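Descriptive structure summary
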Amino acid sequence: MAVLRLKFTKNERDKLAQVLWILNWISVLTGILLFSLGLFLKVEINKRGELMAERDIQYVPNMLIAVGLIACAINFLGGKICYDCVDTNKFLRWKLIMLPYIICTFFFTFCVLVGALMCYSMRGELEESLNLGLTEAIRFYKDTDTPGRCFLKRTVDMLQMEFHCCGNNGYKDWFQIQWISNRYLDMSQKEVVDRLRSNVEGKYLMSGVPFSCCNLNSPRPCIQQHVTNNSAHFNYEHQTEALNLWMRGCREALLEYYTHIMQSIGLTVLLTWLFEVMDACLSVLTGVRYLQTSLENVLRQGDLNSESDGWLLENSFMETARTNLNIIKCLGKGNQIDTANNGDPNINVPSTSKAHYGPDNVPLKEIPEAS
Amino acid sequence: MPFMPVKFNLQKRVKLAQGLWMIYWLSVIVGILLFSLGIFFKIELRKRSEMMDNNESHLVPNLLILVGLLACGVNAFGGKVCHDSLDPIKFAKWKPMLKPFLLLCCGFNALLLLTALLCFLMQFAVYLTLAEGLKNSIKFYKDTDTPGRCFMKRTLDLTQIEFRCCGNNNFRDWFEVQWISNRYLDMSNDLVKDRVLSNVEGKYLMDSVPFSCCNPGSPRPCIQHHLTNNSAHYDYDHRIEELNIWTRGCREALFSYFSSMMTSIGVLIIATIILESVDMAGLKYLTTALETMEDPENPECESDGWLLEKGVKETFGDLLAKLKTLGKTNQVVEGGDSVSIL
């Protein structure tokens, strides 16, 4: 007794193949979507590569890109198979690949799920990477004459202006490093020399910030120098002044930005995974299995335009499991001499396809099945 | 003698109808593109209207939106006619509307031409509006406590950062205005008092610029104050220093942005005019080919198609004669059969 047997006319077979073909092409589009999301994330990470240390976070966009490409390939192959299924001659070519293809699709949907979960796990490493990277960037801000760091100043300035942030944790980070190069300091001046001598490492430290920390929304022209000295400016109190400079740290700003991107990508990938699972399990596997069995039956009957039966499993679950176990047992027995049938191991193997003997229209004899 | 006649058999007619249908749908897409460009242009003008004294003319974007919508409608109708043209029953419905439709297309082409001309000519108006508007913006930079001008400082700072420019013509425009509000000046300080008294209008002028003029690409931290005083900074010569602040004026920067936008829209409109003319010619050929079929029941017969029924000169002569008779309908005709109105 076959599992879920259905009758298929030629038209219905064609329609089934076409519906599967369309579904596969939609899946190709979702594969392209995954690929472009991975590419977008890679570009965004590389844009600020100078500000991040330790590139261990590249595995997430790489995984997304790989998964997207594999999705396209698998679904394209599936589409081709369904397209060819309509023509029984071409179907013969694909007969052998059908089962491995179905297994591959299952494995691949699992990969998509892993990709989605990785998006959410990236946050911790990203924060660490940004922390180290930004500290270094602020330290090397003044080194515009050192090859390899010439544009770090520009990058940090553009970052602070674009993300409305200042320093690593806050604007006070700028007070702890020398961000004016010695080339622009007049060493003959007493003030400058005093300041250099005032700390152990001989750095020119001051309570000033670069211009890119200035807040656009401030009603007053920006106060960059002597930020903590209330008497240096008229009507100014740095403890209550919140609009003069950007208050947020750049690490927090960048982390929020990337978390937002990753959450959106993660959500999209999860939705794609759900679609793939639905597509793979319900439609492709069932449909392809029906198509496969119904076409096999057509070939058995020899008449291409006839109705044929399609099913999920030829016998019931129990019988199929039993026959498969027997096949595995016989594989194990391959090297032993089997004296029961004159040493011929093929006699005991139950065949699931009936051989076609003699002219058409002759009813087939049932071959007794040995179990 | 028809103008540019072409012989059509069934296959040619079918091909013409199909090709024309695709071109009409391409024109619909171009119409949608024009509509969205109009909206984009309108939004850009609104965004920067503070720089132009809220005085800018929205004629071009409004016209673009109108033209885009009209293009969609006209071309969709044309596509429908083409789709139905090979079925004689359906086509008979559309036949009486075709002549007015072609006249409408001609009028629409004229409107497109006018829009393209405006795109190119209105750039002068934009330039003048920008010059005036920026001058006022710089003057009102400090008035962050005056209602209606609270955000002028923010807008001007954002514009200078985004367009990489400083001042109206160049950075020296900032030297001529007081851009620090009196609220933040310590009037009891002697230096401040001297500076305020040093000019006729009592303005606190200085050779400094706001922070938004700073160039992030400069290797040295930004020098904003005492720009023309070489001795105030170490190793600084203001005559040769080019990387410190932006040297371009905002009027030039904003104008080149709007000008390139309007020029590309103008070029797109000219391409649309050419596309519409091709549409009209194709439709004329198709309708004349369908009308001149000797045997309407037999789709296989041959027919002629043309652009104009008579030659160009004769068609114009006919048109002029028609216009003249339109003018004469109310006049009394001597010896004629028409009733004279007293």
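A quick note: this is a predicted structure, and the numbers were derived from the prediction, not measured. (Residues numbered from 1 in each chain as written. Chains lettered and ligands numbered in written order. Predicted model: local features only at pLDDT ≥ 70, side-chain atom pairs only at ≥ 80, totals over all residues. Heavy atoms only, no water.)

Concerning the overall build of chain A
Tallying secondary structure elements over chain A gives nine helices and two strands in all. When its helices and strands are written in sequence order, chain A yields β-α-α-α-α-α-α-α-α-β-α. The proportion of buried residues among the 371 residues of chain A is 43%. Excluding contacts between residues fewer than 6 apart, the proportion of contacts in chain A whose partners are at least 24 apart in sequence is 71%. (Helix = DSSP H or I, 4+ residues; strand = E, 2+ residues; numbered from the N terminus. Buried < 20%, exposed > 50% of the residue type's maximum accessible area, 1.4 Å probe, protein only. Contact = heavy atoms within 4.5 Å.)

Observations regarding the overall build of chain B
Each helix and strand in chain B was counted, giving eight helices and two strands. Reading chain B from its N terminus to its C terminus gives the helix and strand order β-α-α-α-α-α-α-α-β-α. A globule of 342 residues ought to have a C-alpha radius of gyration of about 20 Å, yet chain B, at 32 Å, is considerably larger. Projected onto the principal axes, the alpha-carbon positions of chain B cover approximately 100 × 60 × 35 Å. Per-residue burial for chain B yields a buried fraction of 44% across its 342 residues. (Rg over C-alpha atoms; globule rule 2.2 N^0.38 Å.)

Here's the deal with helix α6 (residues 152-163) of chain A
Taking 1.5 Å per residue as the helical rise, α6(A) with its 12 residues ought to reach 16 Å, and the 16 Å between its terminal C-alpha atoms agrees with that figure. Counting buried residues in α6(A) gives nine out of 12 residues, a clear majority hidden from the surface. (Expected span 1.5 Å × (residues − 1).)

Thoughts on the state of the cysteines
All chains considered together, the criterion is met by six disulfides over all chains. Note that A:C166 is cross-linked by a disulfide to A:C213, the S-S spacing being 1.9 Å. Across the S-S bond linking A:C166 and A:C213, the dihedral sits near 85 degrees, which makes this disulfide right-handed. A residue pair is termed long-range when its members are at least 10 positions apart, and A:C166 in the loop between α6 and α7 (190-197) and A:C213 in the loop between α7 and α8 (250-301) qualify at 47 residues. Since its relative accessible area comes to 0%, A:C213 is described here as buried. Here B:C214 pairs with B:C222 through a disulfide, and the sulfurs are 1.8 Å apart. Every disulfide takes its handedness from the sign of the S-S torsion; for B:C214 and B:C222 that torsion is -85 degrees, giving left-handed. When sorted by exposure, B:C214 lands in the same class as B:C222, which is buried. Taken N- to C-terminal, the disulfide-bonded cysteines of chain B are connected 1-6, 2-3, 4-5. Between A:C72, a free cysteine, and A:C111, which holds the nearest cysteine sulfur, the sulfur-to-sulfur gap is 15 Å. A:C119 forms no disulfide, and the closest cysteine sulfur to it belongs to A:C111, at a distance of 14 Å. (Disulfide = S-S within 2.5 Å.)

Focus on the side chain of B:Q123
Residues and elements named next belong to chain B. With respect to the secondary-structure elements, Q123 resides in helix α4 (residues 98-139). The class for Q123 is buried, based on a relative accessible area of 11%. Not counting the four nearest positions on each side in its chain, Q123 is found in contact with F255, S259, M262 and T263.

Observations concerning the UniProt feature "transmembrane region" (unreviewed entry) in chain A
UniProt tags residues 20-40, 60-78 and 98-120 of chain A as "transmembrane region" (unreviewed entry). A distance of 27 Å separates the end C-alpha atoms of residues 60-78 of chain A, which is 100% helix and 0% strand. (UniProt positions renumbered as here; feature names shortened; annotations may be inferred.)

Some details on unusual backbone geometry
Residue and element names in this part refer to chain B. Positive phi, close to 55 degrees, is recorded for R164, a residue that is not glycine. By the element assignment, R164 lies in the loop between α5 (152-163) and α6 (190-197). A residue is classified by how much of its surface remains accessible, and R164, at 40% relative accessible area, is partly exposed. If you check the backbone angles, D235 has positive phi at about 55 degrees while not being a glycine. Following the sequence through the fold, D235 ends up in the loop between α6 and α7 (250-291). Judged by relative accessible area, D235 falls into the exposed class, the value being 56%.

A short note on the packing of helix α2 (residues 59-84) of chain B against α7(B)
Residue and element names in this part refer to chain B. Where α2 contacts α7, the two axes come as close as 12 Å, and the packing angle between them is 25 degrees. Between α2 and α7, the angle is such that the two are roughly parallel. For the pair α2 and α7, the crossing hand works out as left-handed. Residues V60, L64, N75, V81 and C82 of α2 touch α7, and the partners they reach there are M262, I265, I269, E276, D279, L283 and L286. (Axes fitted to C-alpha atoms, helices over the stretch in contact; angles between N-to-C directions. Parallel < 35°, antiparallel > 145°, perpendicular 65-115°, else oblique. Left-handed = near helix turned anticlockwise from the far one by under 90°.)

Side note on the packing of helix α1 (residues 10-47) of chain B against α2(B)
Residue and element names in this part refer to chain B. At their nearest, the axes of α1 and α2 sit 8 Å apart, and the two run at 165 degrees to each other. The orientation of α1 with respect to α2, classified from their angle, is roughly antiparallel. The chirality of how α1 crosses α2 is left-handed. For the contact of α1 with α2, the residue count by class is 21 nonpolar, nine polar and one charged. (Nonpolar A, V, L, I, M, F, W, Y, C, P; charged D, E, K, R; others polar.)

What about the UniProt feature "transmembrane region" (unreviewed entry) in chain B?
Residue and element names in this part refer to chain B. Taken from the UniProt record, the annotation "transmembrane region" (unreviewed entry) applies to residues 20-41, 62-81, 101-130 and 254-275. Each end of residues 62-81 is marked by a C-alpha atom, and these two atoms are 29 Å apart; helix forms 100% of the span and strand 0%. The span residues 254-275 carries 100% helix and 0% strand; its end-to-end C-alpha distance comes to 32 Å.

Considering the pattern of salt bridges
Enumeration according to the criterion identifies 20 salt bridges over all chains in this entry. Salt-bridge contacts for A:D143 lead to A:K142; the nearest nitrogen and oxygen are separated by 3.3 Å. Judged by relative accessible area, A:D143 falls into the buried class, the value being 14%. One salt-bridge network, held together by shared partners, links B:E44, B:K47, B:R48 and B:E162. (Salt bridge = Lys/Arg side-chain N within 4 Å of Asp/Glu carboxyl O.)

Topic: the packing of aromatic side chains
On inspection of all chains with the given rule, the structure shows 17 aromatic pairs over all chains. In this structure an aromatic cluster arises from ring pairing among B:F41, B:F163, B:Y257 and B:F258. Sitting over the ring of A:F140, A:R149 keeps its end group 3.6 Å from the ring centre. For B:R149, the ring lying beneath its charged end belongs to B:F140, and the centroid distance is 3.6 Å. (Phe/Tyr/Trp six-rings, centres within 6.5 Å; stacked < 30°, edge-to-face > 60°. Lys NZ or Arg CZ within 6 Å of the ring centre and 35° of its normal.)

Digging into the interface of chain A and chain B
Across the boundary between the two partners, chain A contributes 25 residues, which contact 26 residues of chain B. With both sides pooled, the region where chain A packs onto chain B buries about 2,400 Å², and carbon together with sulfur makes up 67% of that total. Counting across the interface, chain A meets chain B through zero salt bridges. Taken together, the links from chain A to chain B amount to six residue pairs in polar contact (both at pLDDT 80 or more). (Buried area = accessible area lost by both parts, 1.4 Å probe. Polar contact = N/O pair within 3.5 Å; in protein donor to acceptor, adjacent residues only side chain to side chain.)

Here's the deal with the confidence of the model for chain B
All names here are of chain B. In this model, chain B carries a mean pLDDT of 89, and residues with pLDDT of at least 70 account for 96%. Contacts of residues 336-342 to residues separated by more than four positions or lying in other chains number two contacts, the stretch itself having pLDDT below 50. Among the prediction metrics, the complex's ipTM stands at 0.80, with pTM recorded as 0.76. (pLDDT = per-residue confidence, 0-100.)

As for the nonpolar core
The biggest cluster of nonpolar side chains holds 127 residues, and the ones touching the most others in it are A:W174, B:W174 and B:V209. Broken down by element, this core gets its largest block of residues, 10 residues, from α4(B). Core analysis: the second largest hydrophobic core is formed by 18 residues, B:Y24, B:V74, B:L102 and B:C105 among them. (Core = buried A, V, L, I, M, F, W, Y, C linked by side-chain atoms within 4.5 Å.)

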